[in-house]
Amino acid sequence: MHDGTLAQRMGIEFLEAGPERVVGRMPVEGNTQPYGLLHGGASAVLAETLGSVAAAIHAGPDRLALGIEINATHHRAASSGYVTGVATRLHGGRTLATYDIEITDEQGRRVCTSRLTCMLRDR
């Protein structure tokens, strides 16, 4: 599903996928800033990837989900292992879908909280 995409290059793996919830993980290694900490942009990529997949499943196979707004609050640093993101649907309409994405480290500590809104449209 994501061959040749940014998600593949960043090592994102999907663990669960449905219209109301998508879970995935990403390695910290290879996605760091110069200080060896998880890059905030990498957290945003994980969040947008998980939320967009959930929105696309919600939209259905003949429609597109296009991210139109994302925000991210970075709570703590991660320097090793994997981070796991859980995208949970907040709103699922015909033209918009919004997801809350919580990213945690391997100890279950919140690393980032994000919200993504996708526009849903016909192909």
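Fair warning: this is a prediction, and the values are worked out from it, not measured in the lab.

Where nonpolar side chains cluster on the molecular surface, the patch consists of Leu66, Ile68, Leu96 and Met119 and spans about 310 Å² of accessible area. Tracing the backbone through its elements, the reader meets Met119 in strand E6 (residues 110-122).

Buried residues dominate strand E2 (residues 21-27), accounting for five of its seven residues. Relative to E2, strand E1 (residues 13-17) is paired through four bridges, and the arrangement is antiparallel. Considered in E2, the bridge of Phe14 is made with Gly24. Hairpin remark: E1 followed by E2, antiparallel, with three residues in the connecting loop. For E2 and strand E4 (residues 82-92), the ladder comprises seven bridges, and the chain directions are antiparallel. Within the sheet, the bridge partner assigned to Arg25 lies in E4 and is Thr84.

Right, let's talk about the UniProt feature "domain: Thioesterase" (unreviewed entry) in the protein chain for a bit. Taking the numbering used here, the UniProt-annotated feature "domain: Thioesterase" (unreviewed entry) corresponds to residues 35-112. The distance separating the terminal C-alpha atoms of residues 35-112 is 18 Å; by composition the span is 26% helix and 45% strand.

Membership of the largest hydrophobic core comes to 29 residues, with the highest contact counts inside it found for Met26, Leu38, Val83 and Ile103. Looking at this core, the elements with two or more residues in it are E2, helix H2 (40-59), E4, strand E5 (96-104) and E6. Broken down by element, the residue count for this core peaks at nine residues, all from H2. In this structure Met26 touches Met10, Gly11, Ile12, Asn31, Leu38, Ala42, Ser43, Leu46, Gly81, Tyr82 and Val83, once residues within four positions along its chain are discounted.

Reading guide: rules and limits
- Residues numbered from 1 in each chain as written.
- Predicted model: local features only at pLDDT ≥ 70, side-chain atom pairs only at ≥ 80, totals over all residues.
- Heavy atoms only, no water.
- Patch = residues over 30% accessible without salt bridge, like charges linked within 9 Å, V, L, I, M, F, W, Y side chains within 5 Å.
- Areas by Shrake-Rupley, 256 points an atom, 1.4 Å probe, with all protein chains shown as cover.
- Salt bridge = Lys/Arg side-chain N within 4 Å of Asp/Glu carboxyl O.
- Helix = DSSP H or I, 4+ residues; strand = E, 2+ residues; numbered from the N terminus.
- Buried < 20%, exposed > 50% of the residue type's maximum accessible area, 1.4 Å probe, protein only.
- Pairing = 2+ DSSP bridges.
- UniProt positions renumbered as here; feature names shortened; annotations may be inferred.
- Core = buried A, V, L, I, M, F, W, Y, C linked by side-chain atoms within 4.5 Å.
- Contact = heavy atoms within 4.5 Å.

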